[in-house]
Structure formats: C-alpha cells, structure tokens
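# Per-entry structural report
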Amino acid sequence: MPVELPADIHLAFTSTWWEHPVLDVMSDGSGVIVCRDELPACEAALGDAPVTVVRSGEVDSDPFHVLLKPPAEPGTTGELTPAQQDYWATVAFTSAVPDWAMEAARAGAPREGA
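Residues numbered from 1 in each chain as written. Predicted model: local features only at pLDDT ≥ 70, side-chain atom pairs only at ≥ 80, totals over all residues. Heavy atoms only, no water.

## Examining the overall build of the chain
Looking only at helices and strands, one finds three helices and six strands in the chain. Put simply, the chain runs from its N terminus to its C terminus through helices and strands in the order β-β-β-α-β-β-α-α-β. Looking at the chain as a whole, 38% of its 114 residues are labelled buried. In the chain, 58% of the contacts between residues at least 6 apart in sequence involve partners at least 24 apart. (Helix = DSSP H or I, 4+ residues; strand = E, 2+ residues; numbered from the N terminus. Buried < 20%, exposed > 50% of the residue type's maximum accessible area, 1.4 Å probe, protein only. Contact = heavy atoms within 4.5 Å.)

## Focus: the pairing of strand 1 (residues 9–17)
Relative to strand 2 (residues 20–27), strand 1 is paired through eight bridges, and the arrangement is antiparallel. Residue pairing across strands places T14 opposite L23, the latter belonging to strand 2. Counted between consecutive antiparallel strands, the loop separating strand 1 from strand 2 contains two residues, among which W18 sits at a positive phi close to 45°. (Pairing = 2+ DSSP bridges.)

## A look at the state of the cysteines
With the rule as written, the count across this model stands at one disulfide. Through a disulfide, C35 is tied to C42; the S-S separation comes to 2.1 Å. For the disulfide bridge between C35 and C42, the dihedral angle about the S-S bond is near -85°, and by the sign convention the bridge is left-handed. Owing to a relative accessible area of 1%, C42 belongs among the buried residues under this scheme. (Disulfide = S-S within 2.5 Å.)

## Here's the deal with the nonpolar core
Ranked by internal contacts, the top residues of the largest apolar core, which has 16 residues, are V25, V32, V34, V66, W88 and F93. Of all the secondary structure elements, the ones that give two or more residues to this core are strand 1, strand 2, strand 3 (32–35), strand 5 (62–68) and helix 2 (82–90). W88 has contacts with P2, P6, V25, V32, V34, V54, R55, V66, L80 and F93, leaving out every residue within four places of it along the chain. Core analysis: the second largest hydrophobic core is formed by eight residues, I33, C35, L46 and L67 among them. (Core = buried A, V, L, I, M, F, W, Y, C linked by side-chain atoms within 4.5 Å.)

Right, dumping it as structure tokens:
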C-alpha cells in the first residue's frame, strides 16, 4: 500500500477485480489500481482492458504494481497528469497498514479527497 494518497484523490477503496483484490484510487483524470502480486496476476485482474504499468516494485519481498485504471468511457484512453506520474513514481510503499487506511477504517467509509 502507498504510505499516503495523492492530494487530488476523489475516492480510494479496496475492491476485487476478476477475483483479485486491488486498491482502486480515483483522482482527477485517470486513477490507478494498486495490485500486490506478480505482474501476470495483476494483468489478469484487469480482464480484457489494456494494461499500462505506471510503476513496479517490491515491499518486504512482495511484488506490487501500480497500473493505470482502464478508462470508464469506451474508446477513450486514460492518462495521468505529469504531477500524478511523478507522485506514483516516487511515493513510498509499505507492507503495513498505512495511517490513511486506519483512518478510513475508523470512519467506516472510503476516504474522500480534498
């Protein structure tokens, strides 16, 4: 999990895509899907949607991938802004439950953004 979420966030929640748990982050423009698994399993979680890897890494020997969220509108392509690309390229990840997730759990709802 990312240790923090971007400032332009609208909503972040865990979800299941094709039977695979992911973190779904919606923000201005395109959002991302954070998947903790090997890339082929993460690609399968997107079904038939095109896969664009924003970042790949490892936390405590577990692989993770940040994937561009497939566009909601058929025939369109999603893109991240330069600031979003920079954010997802540099944000730290942790295997622990981050503070923002604990706050959302206490509130009993997905985290809504600024």
